[in-house]
Structures are given as structure tokens and as C-alpha cells.
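Overview (structure and organization)
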Amino acid sequence: MAVRQGRQWRSVCKGLVLGTLLTSCMILLYCLSTPQTHFSLPEVPVPYSCAHRPSQLRSKQTTNRSQQASGQTCTPKVDIMFMKTHKTASSTFLNILFRFGEKHQLKFAFPDSRNDFFYPSVFQRSQVKDYRPGMCFNIICNHLRFNAPEVAKLLPMDTSYITILRDPAELFESSFHYFGKLVPFTWKIPGDEKLTEFLREPHHYFDPEGFNSFYLKNLLFFDFGLDNTLKLDDPRVEQGIRFITDRFQLVMLVEHFEESLILLKDALCWEMDDVLFFKLNARKGSTVSKLTPELRAKALEWNAIDWKLYQHLNQTFWKKVDAYGRQRMAEDVAELRRRNAEMASICIEGGRAVEAGSIQETAMQPWQPIGEKSIMGYNLKKNVDKAHRKLCRKMLMPELQYLTELGVNLWITKLWGHVRDIINW
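Overview of the structure. Quick caveat, the model's predicted, so the values are computed rather than measured.

**Here's the deal with the overall build of the chain**
Assigned secondary structure in the chain consists of 16 helices and 6 strands. Across the 425 residues that make up the chain, the buried fraction comes to 51%. Residue pairs at least 24 apart in sequence account for 74% of intrachain contacts in the chain once pairs closer than 6 positions are excluded. Within the structure as shown, the chain displays about 20,900 Å² of accessible surface, and the carbon and sulfur contribution to it stands at 54%.

**Looking at unusual backbone geometry**
The residue after Tyr-119, namely Pro-120, is reached through a cis peptide bond having omega 15°. For Pro-120, the location among the structural elements is in the loop between helix H3 (90-103) and strand E4 (139-140). Located in the positive-phi region is Ser-113, a residue other than glycine, with phi close to 80°. Within the fold, Ser-113 resides in the loop between H3 and E4. Positive phi is not limited to glycine here, since Asn-218 has a value of about 45°. With respect to the secondary-structure elements, Asn-218 resides in the loop between helix H7 (202-205) and helix H8 (219-223). Judged by its relative accessible area of 2%, Asn-218 is buried.

**Looking at the state of the cysteines**
What makes a disulfide is a covalent bond joining the sulfur atoms belonging to two cysteines. Using the criterion set out here, one finds 2 disulfides in the structure. Put simply, Cys-74 and Cys-269 are joined by a disulfide, and their sulfur atoms are 1.9 Å apart. Given an S-S torsion of about 80°, the disulfide between Cys-74 and Cys-269 has right-handed geometry. In this pair, Cys-74 is assigned in strand E2 (residues 73-74) and Cys-269 in the loop between helix H10 (257-268) and helix H11 (293-302), connecting sequence segments 195 residues apart. Judged by its relative accessible area of 4%, Cys-269 falls in the buried class. In this model Cys-347 forms its disulfide with Cys-392; the gap between the sulfur atoms is 2.0 Å. When the S-S torsion is -65°, as for the bridge of Cys-347 with Cys-392, the disulfide is left-handed. On the criterion of sequence distance, the pair formed by Cys-347 in helix H13 (residues 326-347) and Cys-392 in helix H14 (residues 386-396) is long-range, its members being 45 residues apart. Taking the relative accessible area as the measure of exposure, Cys-392 reaches 0% and is therefore buried.

**Some words on the pairing of strand E5 (residues 160-165)**
Burial analysis of E5 places 6 of its 6 residues in the buried class, the great majority of the element. In E5, alternate side chains face the same way, and those of Ser-160, Ile-162 and Ile-164 on one face and Tyr-161, Thr-163 and Leu-165 on the other are all buried. Relative to E5, strand E3 (residues 80-83) runs parallel, the two being bridged by 4 bridges. Looking at the pairing, Met-83 lines up with Thr-163 of E5.

**Notes on the packing of aromatic side chains**
Throughout the structure, instances matching the rule amount to 31 aromatic pairs. Arranged with centres 5.2 Å apart and planes meeting at 75°, the rings of Phe-206 and Trp-302 form a pair that is edge-to-face. Of the two residues, Phe-206 sits in the loop between H7 and H8 while Trp-302 sits in helix H11, which places them 96 residues apart along the sequence. Look at Phe-206 and you get buried, because its relative accessible area is 12%. Residue Trp-302 is classed as buried on the basis of its relative accessible area of 5%. Site record: aromatic cluster; members linked through ring pairs are Phe-172, Phe-176, Phe-185, Phe-198, Tyr-205, Phe-206 and Trp-302. One residue, Arg-247, lies across the ring of Tyr-161, its end atom 3.9 Å from the ring centre. The positively charged end of Arg-328 is found above the aromatic ring belonging to Tyr-324, 3.7 Å away from the centroid.

Quick notes on the rules
Residues numbered from 1 in each chain as written. Predicted model: local features only at pLDDT ≥ 70, side-chain atom pairs only at ≥ 80, totals over all residues. Heavy atoms only, no water. Helix = DSSP H or I, 4+ residues; strand = E, 2+ residues; numbered from the N terminus. Buried < 20%, exposed > 50% of the residue type's maximum accessible area, 1.4 Å probe, protein only. Contact = heavy atoms within 4.5 Å. Areas by Shrake-Rupley, 256 points an atom, 1.4 Å probe, with all protein chains shown as cover. Disulfide = S-S within 2.5 Å. Pairing = 2+ DSSP bridges. Phe/Tyr/Trp six-rings, centres within 6.5 Å; stacked < 30°, edge-to-face > 60°. Lys NZ or Arg CZ within 6 Å of the ring centre and 35° of its normal.

As C-alpha cells, this is what we get:
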């Protein structure tokens with residue numbers, strides 16, 4: 001009897017400790033997430049390009065067939081704005097950008113003290129680490145809420161704007177799984193199948209003014225700095241879609257990631273080596289949809305603006321593929337897959353991703369959602385030859401560890417990580 005009472009008291013104490021820590025953490029996160037006070041910064045023109053010794057960037061024979069006949073060459077484009085949307089394989093693409101930037105000694109515009117630009121507040125130049133008016137940057141790619149005028153004042157005029165989208169139903173399911181516990185109104189949803197219950201009657205639970213509510217409705221539209229709670233027939237929806245279409249030269253699709261990289265390689269005059277990748281931050285079992293046809297239809301209805309945006313840009317994507325050539329695209333995708341498989345055999349122990357508990361190096365552990373370890377990672381082969389050792393480690397490195405290696409101080413992110421570890425106790 002005494003033993004049972006002792007266990008009950010320990011359980012109560014543990015609950016009180018975790019509850020206090022969680023409450024304190026939510027208050028801290030709220031304070032850190034609120035928009036900073038931004039002072040008016042002087043307007044200083046950004047130079048055309050500030051690539052390190054740009055003359056040393058090797059030109060290559062163009063792959064555009066209409067230009068091949070005239071023997072034209074192209075120079076790799078190095079000024080890039082990547083709009084990193086949530087839960088869209090963007091961490092995988094970020095790894096590609098980090099490696100490309102290191103290869104060409106490019107200057108990144110990084111956030112200070114965390115891995116995003118004070119998301120969900122709209123982006124301001126003052127959020128860039130050590131920013132001073134007139135400073136030159138080549139690449140900005142961390143999570144931010146898009147603010148076109150501020151971004152434009154940070155990068156050269158001929159910067160290539162790139163982003164990536166995902167089927168909104170699958171995005172919603174992934175976001176609900178990953179961020180749901182950080183959205184307080186989900187705490188009152190009964191039962192174990194919270195997503196199913198939410199989609200049964202979303203307006204009953206959803207609070208547009210609630211903390212972190214944007215994660216669970218039209219998240220793509222929100223990431224682009226637009227109002228995610230508009231009615232579908234509001235003219236601002238069409239205006240927003242036109243704005244995104246006009247601003248971004250290439251919109252990649254998660255469902256056709258390899259085709260997207262081939263289009264990117266062609267548009268930016270990169271090499272095949274530049275777009276090799278391993279899938280990072282993948283969720284266990286993510287290849288199988290968690291949505292029934294009925295739930296998928298409800299998710300698309302709930303995220304109707306994102307669905308309209310996705311359908312429009314999906315059509316644009318396939319027009320680009322047609323212009324590239326379907327047969328040529330199939331051949332290049334096959335070559336990319338062959339090269340990725342070759343790198344996997346060189347770099348990855350067992351040749352595939354493993355669950356978090358099976359990752360041997362702490363430095364290779366990806367960030368996990370609260371209360372779970374559902375994000376998979378990799379083990380680096382121990383006998384990788386010297387020629388590939390550095391590249392393999394870079395290709396397998398999770399986003400936060402790579403940011404630290406690039407010199408970003410992530411003390412706020414790391415503090416939150418320690419609190420999460422205690423919550424998961």
C-alpha cells in the first residue's frame with residue numbers, strides 16, 4: 001500500500017513539474033515569437049552580386065537545346081531566395097543550398113539566436129544576423145514569413161526566387177501531427193483520433209486568434225505572408241496567387257521532387273553534383289498517406305485556399321516540364337536517382353534511413369516533435385573513403401547541426417530543445 005502511494009505521489013509530482021515547465025515554456029515562446037520593434041532603416045542599394053570571386057564560377061555548356069546550336073554557355077546563378085515552407089521537404093533542399101553555398105563561398109543571410117527569422121512575425125531585414133544597410137548577401141533560406149519588400153532590399157535585383165509546395169491535404173496531416181501539440185485549442189479535442197475528430201467539425205475547434213492556429217489552416221498561404229483565414233471567393237485570394245506566381249521563378253513540388261531539382265538545375269545552370277540529396281527530416285511511415293479518401297476531401301475543403309494555390313502552380317509546373325521535354329526529363333531523373341543511389345551505397349550504413357533510437361551519433365539526431373521520436377535519420381558508414389568522407393557527412397547532417405557548423409548561434413532553439421527533452425521525460 002505504501003509503495004503504491006509512493007508511486008502515486010511521484011506521478012503527481014512529475015505531472016506538476018512537467019506542467020510548470022510546459023506553461024513557462026509556452027510563455028517564453030510567446031515572448032520570443034512576438035514581433036520585434038523594428039526601426040526605420042536607411043535605403044542602401046544592394047550591389048548586383050557579391051559572389052566570392054564570381055569570375056571563378058565556371059561556365060558550362062547550356063542544356064537549353066535552342067541555345068546549344070549557337071554554342072552558348074551559362075554561368076551558375078548564386079543569388080537565391082528560397083522561401084522555405086513548412087513540412088514540404090524543405091530541409092532536404094536546404095541541405096542542397098548549404099552545400100552549394102559552401103562550395104562557392106557564398107554569403108548566407110542567417111537569423112540570430114534561432115533557426116528561423118522570428119516566425120510567425122513577418123520578415124524584417126533587421127532580423128538578419130549582424131545586418132547593416134547595404135550589406136551584401138547571396139542566399140536567404142531559413143524559415144520566414146514572406147515580406148517581399150524587405151527581402152528585395154536584402155538581395156541583388158536579379159536574385160532567383162524559389163519555393164516548394166506540397167499537396168495541401170498531406171501537408172495538413174503532417175502539420176497536425178508535428179505541430180498539433182503546440183496549438184492549444186487542439187488540447188480540448190477528445191479521443192485518440194484527434195485529426196479525424198477535428199476534420200469532422202473544424203469550425204467547432206478552430207480559433208483563428210488562437211496561439212499557433214496558423215499551423216492548422218492554409219499554412220502555405222500564411223507562410224507567403226498572406227491572410228490564411230480569407231473566404232475562398234475573396235478577391236484577395238486570386239491576388240495572392242498572382243503575386244506568388246509572378247514573384248517566384250520556380251515553384252517546386254514535393255510529390256515530384258526529383259523533377260523539380262532537374263528544372264532547378266536547368267534554370268540556375270547548376271551541375272548534377274549540386275542537386276544530389278538524401279531525404280532528410282522524413283517521418284517514419286511518411287510514404288503511406290494517413291488520410292482516407294473521406295478525410296482527404298475534408299482536409300482539402302478546410303484548406304481550400306492552399307488547394308487552389310497548389311492546383312494553379314501544379315499546372316505551371318507541368319508546363320515547365322513540357323518545355324524541358326518529357327523524355328529528356330525522364331532520362332535526367334533516372335540519372336539523378338542512379339547518382340543518389342551510388343552516394344547512398346558510399347555514405348549510409350545499411351543504405352537507408354533508420355528510426356531515431358537507432359541513430360548512433362548524437363550529432364546526426366534530427367529534431368523531433370514533442371512526445372515522439374518519429375523523425376528518421378542516418379548512420380554514416382565508418383569506413384567511408386577519404387575522398388567522400390566530408391561530403392557524406394554534409395549530405396547526412398540534420399538542419400540544426402549544419403546551421404551550427406555554418407556559424408549560426410542557436411541558443412534559443414537549443415534552450416527550447418532542452419525543455420522538450422524534459423517534457424518527454
